[in-house]
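One letter stands for each residue in the lines below.
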Amino acid sequence: MSSTAITEPSGPRPKHLTVGRIGLYAFLVIAALFFLIPLYVMIVTSLKPMDEIRLGNLFALPMAPSLDAWFKAWSSACTGLNCNGIHVGMLNSIKILVPSVILSISVGAVTGYALSFWRPKGANILFGVLLLGAFIPYQVFLYPLVRMLSMVSLYNSIPGVVFVHAIFGLPLMTLLFRNFYAGIPIDLFKAARVDGGGFWAIFLQLMLPLSTPIIVVAAILQITGIWNDFLFGLIFAGRENFPMTVQLNNVVNSSFGEKEYNVNMAATILTAIVPLVVYFVSGRWFVRGIAAGAVKG
Amino acid sequence: MKPRFLRFWMAQLALAPAWLIVIFAYIGTIIWTIQISFTNSKVFPVSNYVGFTQYSRLFASERWIISVQNLAIFGVLFIAGCLVLGFLLAVFLDQKIRAESVFRTIFLYPYALSFIVTGLVWQWTLNPTLGVQQTMRNWGWESFTFDWLSRGDRAIYVIALAGMWQASGLVMAILLAGLRGVDGELWKAAKVDGIPTWRVYVHIVIPILAPMFATATVLLATAVVKVYDLVVALTNGGPGISTEVPAKFVIEYLFQRQNLGLATAASTVMLITVLCVLAPWLYVQYFRTPRSAS
Amino acid sequence: MANVSIRDLEIDFGNLRVLKTLNLDIAEGEFIVLLGPSGCGKSTLLNAVAGLLDVSAGQIWIGDKNVTWEEPKDRGIGMVFQSYALYPRMTVAGNMSFGLKMAKTPKEEIEKRVAKAAKILQIEPLLGRRPSELSGGQRQRVAIGRALVRDVEVFLFDEPLSNLDAKLRTELRVEIKRLHHELGSTMIYVTHDQIEALTLADRIAVMNGGVIQQLASPKEIYRRPVNRFVAGFVGSPSMNFVDGKIAIVDGQPRFALPNGKTVDLTGYAFEAPPQDGRAAVLGIRPEQVEVVDNAEGFSAIPVDLTLVEPMGADSLVWGRAGNSQFSIRIDGDDHIDTPASIDAFFSPNHASIFDAATGARL
């Protein structure tokens, strides 16, 4: 037996790139292509003139790249009879986005805080119904909401659609903050109570300064979610105030005459830019947002 | 000591907006919707009760039946596809590979995009005259045909594909977090026991990830029932009515075809379906282990 | 049963050398404890023996087989982990039999072995339960059972008791010791808990910085630590260290304290002839100190006592000797007034003296 010992090599095991490893990377690269191709197609198409597009070489790089389609999409593409481009929608989207994000996060933070630490009578029922609300198809709420909002003259207005975003953002925002506050030691809250802190003092001076991470997560979720909304903008904002997604769909799907694919794709990219920037800038926070919204606290 | 209610009156006050939203915007609207569904309202709600007439009319409507069928096809393909693709991506990303964060970023970015953008991009990429089909033919594959968007019997599969493209990254992110949470010593124990890697995944890891699969499934299922913008952008229900879905059916009968009774009946059916699927999961997830009272 | 031989083993993590040309021979049926602070390389060594790490250089032999590159399952080892690492959604019986099923062991054989292991570990009533329904102690019994059924020659324990509370830890420690007597298998056991090491081991390997500092019986490690690290690491409270230097007075070795006073060292077994003036550290264990001069051949060190910690059976008296903290263990029934300045008496042949610069025993 000891004779074999001499012939046995004693150095490190030779490293070899196994077949499995190659297959692993091959799979990942192919998957990456699947996810990237539409983005690539979108970008190259927006840079091509129409006669180049008619050749039907979807993946070819533009021979004569130009930004004409982008300018047209921005300022003179037609949605129905209006030919003011997609920038009107972008302004509307911003006007809807900013107050909606602030309102929904504020209400969600206070509700989550009250539910997590104070738990007054009925808190569990409230939370249960809120949670259910997060999953119920919006179609059930729409018509009565339209009637209610027109009763208070908010239908077909920006405040109206902001209000709707706050209503339907509440479950997720509450869940987010409630779970976050559930992770804060209850003893901290008790100490603040013993020190004489009231409801708002504890919230504003103790909890809110601790909440930066979850506020960032909530903002990421709400900015992408509200910017990407189509249904509420279509139904509650009114023709004058259509957000970008609705205008984009009108530009692409209801234009008369020949379809200008390059303009369409430029408009699509313009609409996608805000959430894409949020995604790439926020990086891991975006993933945290998904996890925070998805996993129980 | 003051009674509990009085002690917490400020907390109750702070919850007032949430209560108002729940009572009026959620419960109130649901009751109102259900009430309308039992009337023969057309443009405006009337209180002319007709029992279940709207429901029988609904299920006699070909458009509704097609919508429900499409929802089933889309739902099964979309959920299964996202779970399988998302799980594979997560597992492959968890093998100590290079440039993991680059891959992760690529797999997840579509989830930041709206369904409208997703639908329009895929509508163009798979455009039957100038999209992938024509490109393949230009490259010399003359007989290549991929015209599913213009075929009534296939267009729904394209919608499912676009949905998978958008949401698989979500599943990947959730499951990757789960995989990273698996105790490293479990892997060691399995190695000492001589269990092949794939069996560890099947018999040990997947059961551990079960709650995450459940969460992902619920999130995807919610998206399935709500699916509206994707269809509007990608096919607008066409060709013909071959890709109609319930959410679109309701919106159209509410706001364009002015048939409130039928539309509310349809949305009530959607509501009941969702509640049946959801109730057990919600119970397990949130109400079995409440935090002990302070 | 098999012996384990580790020959010139080196392990690198990137540029960091975690184990430095390590040699260790473990006899058949021996119980070896790898003891050391976290990051000393003890777990790395155990994982290398298990085959869970690639070695950079050197060989590992189990029995008469070079297993350096064998898969863990082919090494004839069973392993028990700190976090138990039970497969969560399987029953206890399922956990114990999974490896055997993978090895295509016949069903009757599996049942026989599981039943036998369950009997040895007294977990028969638990076989149908899931890990989540077990207490920590029960989980670790099951984890041991999982190693047991595989009929292995060498058992590896990676801090198996660290997640348990004090009472269960004692209970399971005795259990593991009983198991070793019953099976007679070779066991390698990693811990940072010196009580576990002292109670369980046939031999202890005290490790630090990727090197085995001392490999010896628990008694030897305790009585004659080879360097200051081992002396300070083993024993609670820690050995008292007093700085000073060696002085040869009239041909007799003495220990010179910083205040000029010298202490007689007659009776201390020097490793090499003592050198006059060499900076040194005198080490005395708290229980080897007497507060009254009741024997011949004792030397005395002045100590300022500050407080007494009664611990039931005995009491610890804390104070200072020169610049260093000094503790004395006395009988619980004895009484000492504090603060007080006393002479602490010790027998030089029970003391340890280390080189101040290298830490090596003199």
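As the structure is a computational prediction, the values presented were derived from the model and not from experiment.

In this section: the side chain of Asp229 of chain B. Among the secondary structure elements, Asp229 of chain B is positioned in helix α12 (residues 229-234). With near-sequence residues (within four places) excluded, Asp229 of chain B lies in contact with Asn228 and Phe230 of chain A together with Phe115 and Ile116 of chain B.

Here we take up the UniProt feature "domain: ABC transmembrane type-1" (unreviewed entry) in chain B. UniProt's feature table lists "domain: ABC transmembrane type-1" (unreviewed entry) at residues 68-281 of chain B, given in the numbering used throughout. Taken end to end, residues 68-281 of chain B is 73% helix and 0% strand, and its two terminal C-alpha atoms sit 23 Å from one another.

Here we take up a nonpolar patch on the surface. A grouping of Val29, Leu33 and Ile37 of chain A is seen on the molecular surface, where their side chains present a nonpolar patch of about 230 Å² in accessible area. With respect to the helices and strands, the residue Val29 of chain A is situated in helix α2 (residues 19-47).

Across a sheet, strands are paired by hydrogen bonds formed along the backbone, either parallel or antiparallel in direction. Residue and element names in this part refer to chain C. Strands sit in the order β13-β12-β11-β14-β19 across an open sheet of five strands; the sheet is antiparallel. Edge positions in the sheet fall to β13 (262-264) and β19 (352-355), since each of these pairs with one other strand and no more. With strand direction ignored, the average angle separating the axes of adjacent strands in the sheet is 40°.

In this section: the environment of His165 of chain A. Residue and element names in this part refer to chain A. Residue placement: His165 occurs in helix α8 (residues 158-182). Spatially, the C-alpha atom of His165 lies 19 Å from that of Ile214, the residues being 49 residues apart in sequence. Residue contacts for His165: discarding those within four places in its chain leaves Ile96, Ser100, Ile226, Asp229 and Phe232.

On to the UniProt feature "transmembrane region" (unreviewed entry) in chain B, then. Residues and elements named next belong to chain B. Residues annotated by UniProt as "transmembrane region" (unreviewed entry) correspond here to residues 12-34, 71-93, 105-124, 155-179, 200-225 and 262-284. A helix fraction of 96% and a strand fraction of 0% characterise residues 12-34, whose end C-alpha atoms lie 30 Å from each other. Split by type, residues 200-225 is 100% helix and 0% strand. Its first and last C-alpha atoms lie 34 Å apart.

What follows deals with the domain arrangement of chain B. The assigned domain composition of chain B is domain 1 (1-27) and domain 2 (62-287). Taking only C-alpha atoms, the centre of domain 1 of chain B and the centre of domain 2 of chain B are 38 Å apart.

Here the amide bond leading from Ser236 of chain C into Pro237 of chain C is cis, since omega sits at -5°, within 30 degrees of zero. Within the secondary structure, Pro237 of chain C is located in the loop between α8 (228-233) and β11 (240-249). Going from Thr338 of chain C to Pro339 of chain C, the amide bond is cis rather than trans, its omega being -10°. Here Pro339 of chain C lies in the loop between β17 (324-331) and β18 (340-346). Of note in the backbone geometry, Lys96 of chain B takes a positive phi value of approximately 55° without being a glycine. Overall, the relative accessible area of 77% leaves Lys96 of chain B in the exposed class. Positive phi values are uncommon outside glycine, yet Asp250 of chain C reaches one of about 55°. Here Asp250 of chain C falls in the exposed class, since its relative accessible area comes to 77%.

What counts and how
- Residues numbered from 1 in each chain as written.
- Chains lettered and ligands numbered in written order.
- Predicted model: local features only at pLDDT ≥ 70, side-chain atom pairs only at ≥ 80, totals over all residues.
- Heavy atoms only, no water.
- Helix = DSSP H or I, 4+ residues; strand = E, 2+ residues; numbered from the N terminus.
- Contact = heavy atoms within 4.5 Å.
- UniProt positions renumbered as here; feature names shortened; annotations may be inferred.
- Patch = residues over 30% accessible without salt bridge, like charges linked within 9 Å, V, L, I, M, F, W, Y side chains within 5 Å.
- Areas by Shrake-Rupley, 256 points an atom, 1.4 Å probe, with all protein chains shown as cover.
- Salt bridge = Lys/Arg side-chain N within 4 Å of Asp/Glu carboxyl O.
- Pairing = 2+ DSSP bridges.
- Axes fitted to C-alpha atoms, helices over the stretch in contact; angles between N-to-C directions.
- Domains from an automatic or database assignment.
- Buried < 20%, exposed > 50% of the residue type's maximum accessible area, 1.4 Å probe, protein only.

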